[in-house]
Amino acid sequence: MEFEFEALPWQIIFGNGALKRLPSELDKHGLSRALVLSTLEQRHHADIVADLIEQRCAGIFDQAVMHVPIETVSAAQVVAKSLDVDCTVSIGGGSTTGLGKALALKSDLPNIAIPTTYAGSEMTNVWGITQDGRKTTGRDHKVLPTFTIYDPELTLQLPAFISGPSGINAMAQAVVNATSPRPNPIISALALDGIRALATSLPTVVKQPNNLDARNQALHGACLCGAALGAGITSLHHRLCHTLGGSFNTSHADTHAILLAYSVEYNQAAVPAGTQRVAEALGVKDAARGIFDLLHKVSDKTNLQQLGLKEGDLDKAADIATEKACNNAVEVTRDKVRELFFNAYHGNGPGGRKF
Ligand code: NAD
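Numbers given for residues are sequential positions, taken from 1 along each chain in its written order. Local features in this predicted model are restricted to residues whose pLDDT is 70 or higher, and side-chain atom pairs enter the listing and the counts only when it is 80 or higher, whereas totals over whole chains, interfaces and linings include all residues. The basis for the side-chain values is all heavy atoms of the structure; hydrogens and waters are excluded.

### Concerning the sheet that holds strand β5 (residues 111–115)
Thought 1: The pairing criterion for strands is at least two bridges between them, as found by DSSP. Secondary structure elements are taken from DSSP: a helix is a run of H or I of four residues or more, a strand is a run of E of two residues or more, and numbering for both begins at the N terminus. Read across the sheet, 6 strands follow the order β1-β8-β5-β4-β2-β3 without closing on themselves; strand pairing throughout is parallel. Lying at the two open borders of the sheet, with one neighbouring strand each, are β1 (12–14) and β3 (57–61). With direction set aside, neighbouring strand axes in the sheet form an average angle of 15°.
Thought 2: Working rule for contacts: check all heavy atoms of both residues, and any pair within 4.5 Å makes them a contact. Fitted lines through C-alpha atoms give the axes, limited to the stretch in contact for helices. The angle between two N-to-C directions lies from 0 to 180 degrees. Set on the sheet, helix α3 (residues 70–82) makes contact with β2 (34–37) and β3; between it and β3 the angle comes to about 160°.
Thought 3: Against the sheet, helix α7 (residues 212–231) engages β1 and β8 (147–150), with an angle of about 165° to β1.

What follows is the structure, encoded as structure tokens:
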């Protein structure tokens, strides 16, 4: 075996009730004027953080939204500058973590992440900013959180309809890495353990949102899956999701959750060993089918029509997804991508098979 591995400088505090560590961790890092970031829907979480860190809170910016529009970044930069802050604390899902990353990129502000969904963004050095209807992404170590606090208690209020797709979104980060044409044993170990944790916990999370053990397992699964992507790669799956999210504004986690089974099937003949390991981690015989079945267990959104896509959009989506070369185990052709979108649009199951 031959491989190379570069770890990212993660600092993680994980556990039920871990949020209470925030004030002492800020002090440890010499950070004393935080701008707390949240969405409007999670303003109550931002207020809890502000109360907890007392005089270390310089202000709250509660305007984070999906896909990190440049206008939101600029507005937050103005607030950060006027309050003379020395860091941001993002409490929320990938949208809020993403805003903290954008401020780290553009204003050199250290960011602290307190994730409350399973997006996994806090474990990656990937940033994304949307301008003029196009989302630009890149990798930069500067956007990695200075530290991350995972407190599963904060996820107890995450509605089931967000929890299920969000968990499969995390799983996607691991699946693309466990099925890479050049699998890396360290990344695969993180990925497969993450898939196992999410496959075991997600059905319980959705049926019993208040089950703290299941929430704990799902969040630690998301952390491992995010680590796999952070240290690893993206491939066709992310290109497809990026296309639909960026150009047709489909919801991020639902898009990942619906497309993952089809992306796995697209590549499986070229990476049979990795695909088999994913199936084992899921506890099923066929990885694509296992993911398709899991989606039907944990989400009501199981086809692209439900995300607002029109059949007439599929040609344009296939054109955009294939206009640039894509790093993938199998050659990416416009016709095969069009077929994949068609099957996902109708919810047919991978390859058009009705499972
Ligand atoms: P989100 O952050 O938009 O959250 C969805 C909704 O759920 C929001 O209204 C949010 O306030 C609410 N919410 C979150 N946690 C909650 C909780 N515990 N209780 C109640 N409500 C809660 O959705 P998301 O799927 O987490 O993130 C999507 C974004 O993250 C996309 O923009 C995507 O591109 C980005 N992302 C980036 C990476 C990366 O590595 N850079 C990885 C994954 C996702």
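Text resumes after the structure shown.
### Considerations on the site of the ligand
Thought 1: We call a residue near a molecule or strand whenever a single non-hydrogen atom of that residue lies within 4 Å of it. Neighbouring the ligand are 24 residues, the closest being Thr39, Ser95, Thr117, Thr124 and Lys135.
Thought 2: A distance of 2.9 Å separates a nitrogen atom of the ligand from a polar atom in the backbone of Val126.
Thought 3: In protein, a polar contact requires one atom able to donate a hydrogen and another able to accept it; more generally it is a pair of N or O atoms within 3.5 Å, and residues adjacent in sequence count only if both atoms are side-chain atoms. Contacts to the ligand include Lys135, whose side-chain N or O atom sits 2.7 Å from an oxygen atom.
Thought 4: Notes on the ligand: free accessible area 870 Å², of which the protein chains cover 87%.
Thought 5: Listed by contribution, the elements that provide at least two residues to the shell around the ligand are α4 (94–107), α5 (160–178) and α9 (252–267).
Thought 6: Here the shell around the ligand takes 3 residues from α4, the largest share from any one element.
Thought 7: In the scheme used here, Gly and all other residues not listed as nonpolar or charged are polar, with Ala, Val, Leu, Ile, Met, Phe, Trp, Tyr, Cys and Pro taken as nonpolar and Asp, Glu, Lys and Arg as charged. For the shell around the ligand, the class distribution of residues is 7 nonpolar, 14 polar and 3 charged.
Thought 8: Domain ranges listed in this record stem from an automatic or a database domain assignment. Two domains share the shell around the ligand, each providing at least three of its residues, namely domain 1 (12–155) and domain 2 (162–350). Accessible surface is estimated by sampling points in the Shrake-Rupley manner with a 1.4 Å probe; for residues, cover comes only from the protein chains shown.

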